[in-house]
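# Observations on the three-dimensional arrangement
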Amino acid sequence: MNVTNLFKIAFRAIAANKLRSFLTMLGIIIGVASVITMLAIGQGSKKSIQSQIAEMGSNMIMIQPGADMRGGVRQDASSMETLKLTDYQSIKDNCKYISAISPTVNSSGQFIYGNNNTPSSIYGVIPDYLTIRQLSVEDGEMFTDADIKSSAKVCILGKTVVDNLFPNGEEPVGKMVRFNSIPFRVIGVLKSKGYNSMGMDQDDLVLAPYTTIMKRILAITYIQGINCSAITEDMTDNATEEITSILRQNHKLKDATDTSSADDDDFTIRSQEELATMMNSTTDLMTILLACIAGISLLVGGIGIMNIMYVSVTERTKEIGLRMSVGARGVDILSQFLIEAILLSVTGGIIGVLLGVGASYAVNILAKWPILIQPWSVLLSFIVCTATGVFFGWYPAKKAAQLDPIEAIRYE
Amino acid sequence: MDEKNKNDNHKVVIELQDVKRNFVVGDETVHALRGVSFKIYEGEFVTIMGKSGSGKSTLLNQLGCLDTPSSGEYLLDGVSVRTMKKPERAILRNRKIGFVFQSYNLLAKTTSIENVELPLMYRSNVSAKERHDHAVGALKAVGLGDRLYHKSNQMSGGQMQRVAIARALVNNPAVILADEATGNLDTRTSFEILVLFQKLHAEGRTIIFVTHNADIAHYASRTITLRDGKVCSDVQNDNILSAAEALATIPQNTDE
């Protein structure tokens, strides 16, 4: 008995009863299609949430000086004056895991234009800051390196500041506004980002060259912070470690030795990783939930195969008897039924994959839900459905093979 | 005597030596065959007759290698069947025996040629082309050369039985076992099938025809009658009637 013939026999048996074969496949088709669709939706929302976090700057790292102790009294957070431009420069030059970096200094005060005024904060940064915070300039343009070198009195306004200073819809670009008593020329307006998930207005800020803030407003030689982006979210940890070691070296902080403990860091590094981790675990949970539901439907599909194969063994008793009388051995009958089950589940699997991919795109187009079809989910559901076919086809096949030909041939 | 010569010249296809078959039903043992012995030679057309309960079916199962004797010996083409395992008997059936059943037992919604190919499908040493050629040959031999691709549900009873006979012929068996092969057919079609069996007999095939219809014995070369699990008579038929002549006397069916 060769395998080609077995396949031919099984194929002819399937073709001889198309409706029954189709109904058998239906369970598997629905099972596989739902697994793929559910996973596509789950993965899609995960990716969409990830990109939302990334928009908030999930890979953002904030370095601030530590709190000082003066005469036993702990001062404000970030009160130390230990962060210098040289720290910024050496992190920029030496850290492999960051893609953008900017020093930050800031001051709060009143902005005035004509007879309107509004309180806000002015941030002294470099143009990279836009990348780090995922900001973009809507009208006008960002200041340049030349502006930084010359400590130019130029600024970019956030949308909230614009609304408060120019309530009548005037064009802000080109106008002169005053911060406290210092005049700044508006060269651009930031695109609105709205409120973040913590309820903070992300548009209530003004950007200016850091040199301008340091020299003309604060008159300081240190910087108040450094913001940077890790290349990807996953590299945040590596970047943090590296920055720590660079800063400890720059600040000549001693590592732990046999006789003394290590000096404390005189800076703090914060990242958004915790937020990202939480969001990921939420979407992972959702994906698992969807996969479970889909898995159950696949199982039901498998039981459907067993059910119909089982009934089909009874229905086809006479056929089995005939096959045995013309020389089919038990193993031939077993193989035939098993191959039938496999052919049905594989065919059902292929149709299910096509249907699932189609349904995923339909969901994407009609309901505007984000989807992501991953090859492993297609492969997984396909393998599972084939395994289901073999597993659930085995018992009916075994039963068919054990029939007594004498009784089977006379079965009515 | 003719019989003597025949027995000398022809080899033994089937030899039963005191075959007994007992079934245990509950506490009782039913003796379906109580010691049956006979030889069937190549080229014989034997009818096995008997009332229901005479052991006919049990004997047919023995002859068809579907079952094994409780005691005694059964040699098919010189091979002992009694000690064979199920898979070995399946292979033996595939090579040596062609079955024809009362209810045709064709595969549903399957073409004649695929039905006839079936026994050869279970052999690995027959190529697809050989299989097809053999099947076409067998179908032509039963007069269905023009019905190769008709499905079983598109044919009359007589045609279906011809397909079944073609299926029995396709593996060139040592013996054709027919079990009430005309039982489901009307008189005219029965005679058509009998004509076919006589033609096959004339071509030298060995045929065993199990039936309870005494008329069929007239068209066979030998009749073995069973009663209560034993052979009660075994007679040669010296005056074989021609089924073709009988068929000529039957009026054409008008409703077909």
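Because the structure is a prediction, the values reported are computed rather than measured.

So, about the overall build of chain B. Within chain B, the secondary structure is distributed over eight helices and 10 strands. Taking the intrachain contacts of chain B between residues at least 6 apart in sequence as the baseline, contacts between residues at least 24 apart amount to 70%.

Attention shifts here to the overall build of chain A. Helix and strand content of chain A: 13 helices and 12 strands. Counting only residues that meet the buried cut, chain A has 40% of its 412 residues in that class. Within chain A, contacts between residues at least 6 apart in sequence are counted, and of these 82% link residues at least 24 apart.

All names here are of chain B. Spatial ordering of the open sheet is given by β6-β7-β8-β3-β9-β10, a layout of six strands whose pairing is mixed. Looking along the sheet, the strands with just one partner apiece sit at the ends: β6 (97-100) and β10 (230-236). Averaged over all pairs of adjacent strands, the angle between their axes in this sheet comes to 20°, without regard to strand direction. Strand direction decides the pairing type here: strand β3 (residues 45-49) and strand β9 (residues 222-227), joined by four bridges, are parallel.

Another point: unusual backbone geometry. Residue and element names in this part refer to chain B. The backbone of E180 shows a phi angle near 50°, a positive value even though the residue is not glycine. In this fold, E180 is placed in the loop between β7 (175-179) and α7 (187-202). For E180, a count of 19 C-beta atoms within 10 Å puts it in the partly exposed group. Positive phi outside glycine occurs at D228, with the angle close to 50°. Topologically, D228 is positioned in the loop between β9 and β10. Take D228: there are 14 C-beta atoms within 10 Å of it, and that puts it in the partly exposed class.

Let us look at the interface of chain A and chain B. Facing 23 residues of chain A, the contacting portion of chain B comprises 23 residues. Secondary structure elements with two or more residues in the side of chain A that touches chain B: α1 (3-16), α10 (317-325), α11 (330-367) and α13 (405-409) of chain A. Across the side of chain A that touches chain B, the residue classes break down as 11 nonpolar, six polar and six charged.

Moving on, we come to the sheet that holds strand β5 (residues 79-80) of chain B. Either a parallel or an antiparallel arrangement is found when strands of a sheet pair, and the pairing is made through backbone hydrogen bonds. Reading across the sheet, the four strands line up as β2-β1-β4-β5 (chain B) and stay open at both edges, with antiparallel pairing between neighbours. Where the open sheet ends on each side, the last strands, each with one partner, are β2 (28-41) and β5 of chain B.

Okay, the nonpolar core next. By size, the foremost hydrophobic cluster in this structure holds 122 residues, and its most contacted members are B:A166, B:I208 and B:F209. With 12 residues, helix α2 (residues 18-56) of chain A is the single largest residue contributor to this core. Aside from chain neighbours lying at most four places away, what touches B:F209 is B:V46, B:T47, B:A178, B:A181, B:F197, B:I216 and B:A220. Core analysis: the next-biggest nonpolar cluster, separate from the first, contains 51 residues, A:F111, A:F143, A:V177 and A:A208 among them.

Residues and elements named next belong to chain A. Taken across its six residues, strand β11 (residues 225-230) has six buried, putting it largely inside the fold. Every second residue of β11 is oriented toward a common face, with G225, N227 and S229 on one face and I226, C228 and A230 on the other, all of them buried. Both strand β1 (residues 60-65) and β11 contribute to a ladder of four bridges, which runs antiparallel. If you follow I61 over to β11, its bridge partner there is C228. In the sheet, strand β4 (residues 98-113) pairs with β11 via six bridges, with the strands oriented antiparallel. Pairing of I101 across the sheet is with C228, part of β11.

This brings us to the environment of A:Q202. Among the structural elements, A:Q202 can be located in the loop between β9 (182-190) and β10 (206-209). Between the C-alpha atoms of A:Q202 and A:L135, which are 67 residues apart in sequence, the distance is 9.7 Å.

Residues and elements named next belong to chain A. Mapped onto the secondary structure, H251 falls in the loop between α8 (236-250) and β12 (267-271). On the basis of neighbour counts, which here come to 16 C-beta atoms within 10 Å, the residue H251 falls in the partly exposed class. Residues H251 and F267, spaced 16 residues apart in sequence, show a C-alpha to C-alpha distance of 9.9 Å. Leaving out residues up to four positions away in the same chain, H251 has contacts with T82 and D266.

Time to look at helix α4 (residues 112-121) of chain B. Burial analysis of α4(B) places 10 of its 10 residues in the buried class, which makes it a mostly covered element. Here the buried face of α4(B) lies against α1 of chain A together with α3 (86-96), α5 (128-141) and α6 (157-169) of chain B.

Residues and elements named next belong to chain B. Bridge count between strand β1 (residues 12-25) and strand β4 (residues 71-76): five bridges; the pairing is antiparallel. Paired with K20 across the bridge in β4 is S71. Where β4 lies against β5, two bridges are found, and the strand directions are antiparallel. In the strand pairing of β5, L75 is matched with S80.

A separate point is α5(B). All names here are of chain B. Under the 1.5 Å per step criterion, the end-to-end length of α5 is 20 Å for 14 residues, consistent within 8% with the ideal 20 Å. What α5 keeps buried is the set R131, H134, A135, A138 and L139. The buried residues of α5 all sit within an arc of 135° when viewed along its axis, so they share a single face. Pointing more than 90 degrees away from the buried face of α5 are the exposed residues K129, E130 and D133.

What follows concerns the packing of α4(B) against α5(B). All names here are of chain B. Axis separation between α4 and α5 bottoms out at 9 Å; the angle between their running directions is 120°. Crossing of α4 over α5 shows right-handed handedness. Side by side, α4 and α5 meet where S112, I113, V116, E117 and L120 of the first sit next to R131, H134, A135, V136, A138 and L139 of the second. Here the contact of α4 with α5 is built from residues that sort into seven nonpolar, two polar and two charged.

Moving on: the confidence of the model for chain B. Note that predicted coordinates carrying low pLDDT should not be read in detail. Scored by pLDDT, chain B has a mean of 89; 95% of the residues are at 70 or more. Interface confidence for the predicted complex, expressed as ipTM, amounts to 0.90; the pTM equals 0.69.

Calculation notes
- Residues numbered from 1 in each chain as written.
- Chains lettered and ligands numbered in written order.
- Predicted model: local features only at pLDDT ≥ 70, side-chain atom pairs only at ≥ 80, totals over all residues.
- Helix = DSSP H or I, 4+ residues; strand = E, 2+ residues; numbered from the N terminus.
- Contact = placed C-beta atoms within 7 Å.
- Buried ≥ 20, exposed ≤ 12 C-beta atoms within 10 Å, placed from the backbone.
- Pairing = 2+ DSSP bridges.
- Axes fitted to C-alpha atoms, helices over the stretch in contact; angles between N-to-C directions.
- Nonpolar A, V, L, I, M, F, W, Y, C, P; charged D, E, K, R; others polar.
- Core = buried A, V, L, I, M, F, W, Y, C linked by C-beta atoms within 7 Å.
- Expected span 1.5 Å × (residues − 1).
- Arc of directions from axis to C-beta.
- Left-handed = near helix turned anticlockwise from the far one by under 90°.
- pLDDT = per-residue confidence, 0-100.

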